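Now for the letters of each chain:
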Amino acid sequence: MSIGIIQVAVTLLIALLLIKPVGSYLVNVFSYEKTRLDRVFGPVERLFYRIMGVHEEQSMDSKQYVTAVLFSNFVMMILIYAVLRLQKHLPFNPDGIDNMPSALAFNTAASFITNTNWQAYSGESGLSYLSQMLAITFPMFTSSATGFAVAIAFIRGISGNKNELGNFYVDLVRLITRVLLPLSFIAALFLVFQGVPQTLHGAVTATTLEGANQVITRGPVASLESIKHLGTNGGGYFGTNAAHPFENPTPLTNLLHILFMLLLPTSLIYAFGVMIKNKRQGWSVFAAMSVIFLIMLGTVLFQEYKGTPALHAMGIHGNMEGKEVRFGFFESALFTAVTTAATTGSVNNMHDSLTPLGGFVPLAEMMLNNVFGGKGVGLLNGLLYVILSVFICGLMVGRTPEFLGRKIEAKEMKLASIALLIHPILILVPTALAFLRPESMASILNPGSHGISEVLYAFTSGAANNGSAFAGLTANKNFYNISIGLVMLFGRYISIIAMLAIAGSLATKSRVAASVGTFRTDTPLFTVILLMMILIIGALTFFPALALGPIAEHLGM
Amino acid sequence: MKSLYTAIRASILFMIVCGLLYPLLTTEVAQILFPFQAQGSLVEDNGKVKGSVLLAQAFTSPKLFHPRASAAEYDPTASAATNAAVASPDYIKSMKETVDAIKKENPSLQNKIPADLVTTSGSGFDPDLSPEAAKAQVPRIAKATGLSEQLLLSLIDKHTKGRQLGIFGEPRVNVFELNRDLLAQSK
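Bear in mind that the values here come from a model prediction, so they are computed numbers and not experimental data. (Residues numbered from 1 in each chain as written. Chains lettered and ligands numbered in written order. Predicted model: local features only at pLDDT ≥ 70, side-chain atom pairs only at ≥ 80, totals over all residues. Heavy atoms only, no water.)

Of regular secondary structure, chain A possesses 19 helices and four strands. By the compact-globule yardstick of 24 Å for 557 residues, chain A fits well, its C-alpha radius of gyration being 23 Å. Structurally, chain A occupies a C-alpha span of about 80 × 60 × 50 Å along its principal axes. Here chain A, with 557 residues, has 66% of them falling under the buried criterion. Split by element, the accessible area of chain A, about 18,000 Å² in all, is 68% carbon and sulfur. Across chain A, 33 positive and 27 negative side-chain charges occur, with their mean positions spaced 11 Å apart. (Helix = DSSP H or I, 4+ residues; strand = E, 2+ residues; numbered from the N terminus. Rg over C-alpha atoms; globule rule 2.2 N^0.38 Å. Buried < 20%, exposed > 50% of the residue type's maximum accessible area, 1.4 Å probe, protein only. Areas by Shrake-Rupley, 256 points an atom, 1.4 Å probe, with all protein chains shown as cover. Lys, Arg positive; Asp, Glu negative; His and termini not counted. Charge placed at Lys NZ, Arg CZ, Asp CG, Glu CD.)

Here it is as structure tokens:
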């Protein structure tokens with residue numbers, strides 16, 4: 001027990017210590033000012049700009065920025081789809097994998113361009129090595145970079161005084177060349193050192209110690225694994241994701257995966273504080289998110305360590321179903337809490353086999369969708385709740401709400417409401433629809449309230465762009481492939497469009513000087529208000545659904 | 001129109017850089033630095049691949065240590081977990097049967113069943129057992145092979161790995177390596 005607490009505490013402490021240096025580095029990357037690093041990265045970046053036909057110093061307004069995001073992502077999605085549909089005829093296919101069917105290829109392309117990494121296929125049997133590289137590893141870079149770019153553009157909007165959000169392509173290039181590529185490369189080599197394969201040779205047939213045959217599948221795994229966690233992507237090379245010993249062979253690779261997931265989302269909050277020239281504001285948002293994270297983490301740790309009463313009576317302590325010996329209860333539970341907080345979606349243990357309240361945790365974190373949150377979008381969702389909080393507090397005292405010296409008015413509130421409401425709509429409506437269709441109900445593995453959780457989890461995971469699953473659900477059906485595919489796309493782009501529109505609108509407003517009557521948003525009081533707002537709105541929206549799923553299951557156990 | 005053209009050029013550029021150059025460069029360097037791991041940690045005897053240290057194999061003989069149960073039947077071309085709902089009556093029933101079978105095999109186990117011994121792994125290839133789960137199999141193997149329990153216990157101790165850096169992970173025994181050693185002993 002105590003060593004488990006130490007494992008968790010040490011991991012989180014390292015993550016905490018990395019926030020400031022990495023956050024400062026992120027500010028540097030996105031400041032567009034000349035730095036010493038330009039000498040290293042400048043030549044390559046200028047070459048990239050020339051190839052793309054982008055003028056480095058040309059800034060975009062919110063409309064142009066959104067257009068660039070949508071166009072580039074659309075083109076990339078088509079490229080991914082094409083690779084998946086044609087993989088049989090393309091090179092790097094030593095195991096002779098067939099083309100992917102259309103509905104599954106749509107689902108997969110939507111999944112990876114939106115940084116969700118929901119997987120209705122299984123990598124070892126469904127993808128060629130080329131697809132793992134071109135259709136999976138490639139969007140892992142661009143989709144996470146897109147999310148961060150949008151978050152940075154939003155921050156520029158609310159902190160600047162013109163509708164100039166920066167240049168999307170420049171942001172994309174700088175994040176990829178200065179952060180994602182170098183870190184992924186180094187981490188990949190460490191992963192190989194620990195045992196993750198990185199090869200272009202096809203599967204090998206082994207004669208086991210008992211004389212049977214075992215076909216060992218492998219491939220360029222390490223280069224996918226490192227960006228998978230750094231970019232909070234989460235899509236596994238193999239079906240069982242980071243539980244698979246080839247993806248996560250040792251406790252140290254597990255540690256690296258967890259630290260990588262937390263690295264950029266948490267640092268971005270610090271960078272936000274620096275960019276708006278109010279670090280306290282960054283920390284006050286960070287504190288609210290941390291409190292929720294720690295409550296969730298504590299819950300899943302305790303539940304998995306305790307196990308279920310029925311098993312306890314048989315003399316079995318804790319819940320090891322779907323977990324791996326090398327990680328044990330604590331590092332499995334920590335992984336679960338982190339992967340859904342940082343909206344990564346990789347798993348090192350099977351969420352479908354968590355205890356009922358243990359499974360409640362990842363579900364609830366994805367529903368709130370703003371506990372750190374991955375690839376920049378998490379910070380945006382957090383700021384959405386900040387705007388909502390100042391609005392509601394403003395109503396209570398009868399003052400026009402302000403945030404960072406700018407009045408929050410009807411237009412911003414309408415856009416914020418859209419961004420806020422789209423999330424529950426995308427979760428609850430398709431879930432209800434699935435329950436109305438007997439053929440979709442047939443996909444459920446575990447009947448009863450656990451089955452409700454399986455379907456609810458799938459759409460929550462899609463809407464939150466998380467990608468983890470209660471994997472008992474047979475999701476590779478046309479209905480789920482198409483509906484979850486659409487949920488992922490809407491979940492991603494509607495809130496991006498709304499948030500950038502808010503940024504554009506706030507950017508042109510004149511600043512209101514702070515006075516004694518100004519409601520301050522960088523105090524512990526505001527942290528508490530923000531926390532309450534997130535929990536109350538989350539509970540009002542999702543409690544009925546959660547009550548039918550994990551809560552009912554827990555009470556009936 | 002110009003912005004669409006830029007989007008196309010950017011997409012193709014990143015596809016080549018991140019999707020081709022990066023993984024191929026990583027492969028080259030990894031193959032030079034860590035050729036054994038990069039190929040999948042394969043163990044060979046007389047030029048024949050016997051398996052990967054990292055992947056569990058199906059061991060069914062009573063003379064060998066058995067790895068954790070696998071929903072994939074130890075077939076790496078289709079990794080899988082049970083995804084069983086652990087609070088469901090079906091699961092509890094099947095666990096009762098497993099526990100009873102284990103107790104029959106080793107009557108000394110009564111109120112403390114090693115959890116990993118009776119549950120199915122997440123990956124389908126968990127290469128490890130907890131030392132307790134390995135020790136629980138000792139009476140059966142001793143009976144089947146005629147080797148002393150003491151020797152078997154010392155083999156387990158020899159192959160037990162501690163926590164990494166003294167903190168991370170759980171103590172564990174690699175079943176493949178343990179069985180290889182065991183087979184060498186029985187010869």
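Moving on, we come to the confidence of the model for chain B. Residues and elements named next belong to chain B. For chain B, per-residue confidence averages 95 on the pLDDT scale, and residues scoring 70 or more make up 100% of the total. For chain B, per-element mean pLDDT is lowest for helix 3 (residues 89-105), which scores 93, and highest for strand 5 (residues 172-174), which scores 98. What the predictor reports for the complex is a pTM of 0.95 with an ipTM of 0.96. (pLDDT = per-residue confidence, 0-100.)

The subject of this paragraph is the packing of helix 7 (residues 149-159) of chain B against helix 8 (residues 175-186) of chain B. Residue and element names in this part refer to chain B. Relative orientation of the contacting elements helix 7 and helix 8 amounts to 140°, with a least axis distance of 10 Å. By the angle between their axes, helix 7 is oblique relative to helix 8. In this structure, helix 7 crosses over helix 8, and the sense of that crossing is right-handed. The segment helix 7 lies against helix 8, with Leu-151, Leu-152, Leu-155, Ile-156, Lys-158 and His-159 engaging Glu-177, Leu-178, Asp-181, Leu-182 and Gln-185. Broken down by class, the residue content of the contact of helix 7 with helix 8 amounts to six nonpolar, two polar and three charged. (Axes fitted to C-alpha atoms, helices over the stretch in contact; angles between N-to-C directions. Parallel < 35°, antiparallel > 145°, perpendicular 65-115°, else oblique. Left-handed = near helix turned anticlockwise from the far one by under 90°. Contact = heavy atoms within 4.5 Å. Nonpolar A, V, L, I, M, F, W, Y, C, P; charged D, E, K, R; others polar.)

All names here are of chain A. Inspection of the entire model under this criterion finds 15 aromatic pairs over all chains. Measuring from centroid to centroid gives 6.0 Å for Phe-190 and Phe-193, while their planes differ by 55°, and the two rings are tilted. Remark: Phe-193 and Phe-190 occur in helix 7 (residues 168-194); sequence separation between them is three residues, near one turn of the helix. The exposure class assigned to Phe-190 is partly exposed, which follows from its relative accessible area of 30%. On the basis of relative accessibility, which here comes to 40%, the residue Phe-193 falls in the partly exposed class. The rings of Tyr-65, Phe-168 and Tyr-169 are connected pair by pair, giving a single aromatic cluster. The cationic tip of Arg-156 hangs over the ring face of Tyr-32; the distance from NZ or CZ to the ring centre is 4.6 Å. (Phe/Tyr/Trp six-rings, centres within 6.5 Å; stacked < 30°, edge-to-face > 60°. Lys NZ or Arg CZ within 6 Å of the ring centre and 35° of its normal.)

On to the interface of chain A and chain B. With 105 residues of chain A at the interface, the matching set in chain B holds 101 residues. Both sides together, the interface formed by chain A and chain B hides about 8,200 Å², and carbon and sulfur atoms give 69% of it. Considering only the surface of chain A that becomes buried against chain B, A:Leu209, A:Glu321 and A:Val325 emerge as the three largest contributors, covering 10% of it. Seen at the junction of chain A and chain B, the total is one salt bridge. One salt bridge in this structure joins B:Asp126 and A:Arg326, with 3.9 Å as the shortest N-O distance. (Buried area = accessible area lost by both parts, 1.4 Å probe. Salt bridge = Lys/Arg side-chain N within 4 Å of Asp/Glu carboxyl O.)

Counting across every chain of the model gives 19 salt bridges over all chains. Here A:Glu402 makes a salt bridge to A:Arg399, at a shortest N to O gap of 3.1 Å. Judged by its relative accessible area of 11%, A:Glu402 is buried. Between A:Arg437 and A:Glu439 there is a salt bridge, with the nearest N and O atoms lying 3.3 Å from each other. Ionic contacts of the salt-bridge type, sharing partners, join the residues A:Glu324, A:Arg326, B:Arg68 and B:Asp126 into one network.

Of note in the backbone geometry, A:Lys277 takes a positive phi value of approximately 60° without being a glycine. With respect to the secondary-structure elements, A:Lys277 resides in the loop between helix 9 (251-275) and helix 10 (279-306). The phi dihedral of B:Asn83 is positive, around 55°, even though this residue is not glycine. Tracing the sequence through the fold places B:Asn83 in the loop between strand 2 (48-52) and helix 3. You can call B:Asn83 buried: its relative accessible area is 8%.

The next subject is helix 1 (residues 2-33) of chain B. For helix 1 of chain B, built from 32 residues, the straight-helix expectation of 46 Å at 1.5 Å per residue is met to within 8% by its first-to-last C-alpha distance of 45 Å. The largest bend along helix 1 of chain B measures about 30° and falls at B:Leu21, with the proline B:Pro23 one to four residues further on. (Expected span 1.5 Å × (residues − 1). Bend = angle between axes of the 7 residues up to and from the residue.)

Moving on, we come to the pairing of strand 2 of chain B. Residue and element names in this part refer to chain B. Across the five residues of strand 2, four count as buried, placing the element largely inside the fold. When strand 1 (residues 42-45) meets strand 2, the two strands line up antiparallel, connected through four bridges. When the bridges of strand 2 are listed, Asp-45 appears paired with Lys-48. From the end of strand 1 to the start of strand 2, which pair antiparallel, there are two residues, and Asn-46 there has a positive phi angle of about 50°. (Pairing = 2+ DSSP bridges.)

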